Amino acid sequence: MARYITDLAVSTCFQEEEGLKRTGFTKVKGNLNEGTGAGNSNFLWYKKGEKARAITRVQVTYKEEMETLMETFTKIEQNINTGTTGGPIYMWFSRAVGEFDIPIVDVVVTTKTQDEVSLLTTRSVWEKVGCNLNLEAGGNYVYAWMKREKSFYICDVTATKTYDHDQELFSTGYTRVDVSTNLGSLGQVDVFIWYRKTSDQGRALSALNISTTNDQYGGLQRQGYQVVDTNLNENTGGSPVYLWYKSVPGQGTVQGLILLLDWRSVELFEQAGINVIRKNLNAGNDGAMIYLCDV
């Protein structure tokens, strides 16, 4: 029996749904426009097949600039925000095979926080695609999730404040968290966090953290953390904000990295045992409140 996700598609109308059914696609439950009041419902679809054609990476773009260096990805041409007031959002996928690529065996869509928590508490096999698929459309927080063939861990992190290095990072196995840490601010710079994953637990990072003040910066240095030297608050007028990581055997493992955009969900995440680092990535500016979760 075919185990691996080999194709993805998006439908934005009944005719597209019928066409995908005829060509062997399966619909994923969960309206990608949930809560927007849009007249039509948009859905994610998949096909399964053999491992040789397995999809290993999924990214989302909501700005043209994000697309410029994605030559190794296949773009799904249907706009996920079709029928809403939000800007265009597109999903991309790759069948890359490399040291940091783990095949995808299932896909789901969540439209409410409790569903996210349920997946995160399984921790080691489900990976959240970072962009809210209802971004700027006014509806629920909607996310796609990919189930990996085996457990994985975060082994490297970095950040960018230009698009110049995207191609290099994609080609060396990095995944972009597809939401700018400057989201909603007046800053003109898009800053993205990137990570690589491994199935080797011995290579896993042991902890992540955030600094938003000079005192926190110094404190994390003294605790043995290493800084990612890119200001996540670049050009916003807010406090300098930095991502930190630690890799110490026997002191835990980081099995996932997500950005939490819905501040109302913080307590629910924490009650489920998910580590929400309560340091706003948009500290000191007018942007959205964003927290990093170290899963």
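Quick notes on the rules
Residues numbered from 1 in each chain as written. Predicted model: local features only at pLDDT ≥ 70, side-chain atom pairs only at ≥ 80, totals over all residues. Heavy atoms only, no water. Pairing = 2+ DSSP bridges. Helix = DSSP H or I, 4+ residues; strand = E, 2+ residues; numbered from the N terminus. Buried < 20%, exposed > 50% of the residue type's maximum accessible area, 1.4 Å probe, protein only. Contact = heavy atoms within 4.5 Å. 1 Å grid on protein atoms, 1.4 Å probe; cavity = no way out; pocket = protein on both sides within 12 Å on 5 of 7 lines; lining within 4 Å. Points joined across faces, edges and corners; volume = space filled by probe spheres on them. Nonpolar A, V, L, I, M, F, W, Y, C, P; charged D, E, K, R; others polar. Salt bridge = Lys/Arg side-chain N within 4 Å of Asp/Glu carboxyl O.

- Within an unreviewed UniProt entry, the label attached to the chain reads MABP domain-containing protein, and the organism entered is Mugilogobius chulae.

## Looking at the sheet that holds strand β10 (residues 153-160)
Working step 1: In space, the three strands of this open sheet follow the order β10-β12-β11, with antiparallel pairing throughout. Of all strands in the sheet, those bounded by a partner on one side alone are β10 and β11 (175-176).

## A word on the pairing of strand β3 (residues 43-49)
Each regular strand displays side chains that alternate between the two surfaces of the sheet.
Working step 1: Here β3 lies mainly inside the structure; five of its seven residues are buried.
Working step 2: Alignment of strand β2 (residues 26-27) against β3, held across two bridges, turns out to be antiparallel. Note on β3: the bridge partner recorded for K27 is W45.

## Some remarks on the environment of A288
Working step 1: Looking at the element boundaries, A288 is found in the loop between β17 (275-277) and β18 (291-294).
Working step 2: According to the relative accessible area criterion, A288 is partly exposed, its value standing at 29%.
Working step 3: Placed 145 residues apart in sequence, A288 and Y143 show a C-alpha to C-alpha distance of 18 Å.
Working step 4: If we ignore the near neighbours within four places in the chain, the residues touching A288 are L183, G184, N280 and N282.

## With respect to empty space enclosed by the protein
Working step 1: Summed over the entire model, instances satisfying the criterion amount to three cavities of 30 Å³ or more.
Working step 2: As a volume, the largest cavity reaches approximately 140 Å³.
Working step 3: Considering the residues around the largest cavity, the lining is formed by 19 residues, among which K128, V129, G130, T175 and Y195 are closest to the centre.
Working step 4: Put simply, the parts of the chain that give the lining of the largest cavity at least two residues each are β4 (57-61), β8 (126-128), β9 (143-148), β11, β12 (192-198) and β16 (257-260).
Working step 5: Here the lining of the largest cavity is composed, by residue class, of eight nonpolar, four polar and seven charged.
Working step 6: By volume, the second largest cavity amounts to about 90 Å³.
Working step 7: For the second largest cavity, the lining is made up of 14 residues, of which E127, K128, G256, L257 and I258 are closest to its centre.
Working step 8: Considering every element that reaches the lining of the second largest cavity, the biggest residue donor is β8, with three residues.
Working step 9: A class-by-class count of the residues in the lining of the second largest cavity yields nine nonpolar, two polar and three charged.

## A look at the side chain of T111
Working step 1: Along the chain, T111 turns up in the loop between β7 (104-110) and α2 (113-120).
Working step 2: When sequence neighbours within four positions are dropped, the list of residues in contact with T111 reads G30, N31, E34, N140, Y141 and V142.

## Let's talk about the sheet that holds β4
Working step 1: Pairing within the open sheet is antiparallel, and its three strands lie in the order β4-β6-β5. A strand with exactly one partner marks an edge of an open sheet, and here the two such strands are β4 and β5 (74-75).
Working step 2: Of the pairings in the sheet, the one linking β4 to strand β6 (residues 90-94) comprises five bridges and is antiparallel in character. Paired with V58 across the two strands is F93, which belongs to β6.

## Comments concerning unusual backbone geometry
Working step 1: Phi angles above zero are rare outside glycine, and E136 is one such case at about 65°.
Working step 2: Residue placement: E136 occurs in the loop between β8 and β9.
Working step 3: Of the residues examined, E136 reaches a relative accessible area of 58% and is grouped as exposed.
Working step 4: The phi torsion at N235 lies on the positive side, around 65°, for a residue other than glycine.
Working step 5: Turning to its location among the elements, N235 is positioned in the loop between β14 (226-228) and β15 (242-246).

## Points about the pattern of salt bridges
Working step 1: Within the structure shown, the criterion is met by 18 salt bridges.
Working step 2: For R196, the salt bridge identified is with D156, shortest N-O distance 3.2 Å. Here R196, found in strand β12, pairs with D156, found in strand β10; they are 40 residues apart in sequence, far enough to count as distant.
Working step 3: The exposure class assigned to R196 is buried, which follows from its relative accessible area of 15%.
Working step 4: For R176, the salt bridge goes to D178, with nearest N and O atoms at 2.6 Å.
Working step 5: Several salt bridges converge on common partners, so that one network encompasses D7, R53 and R95.

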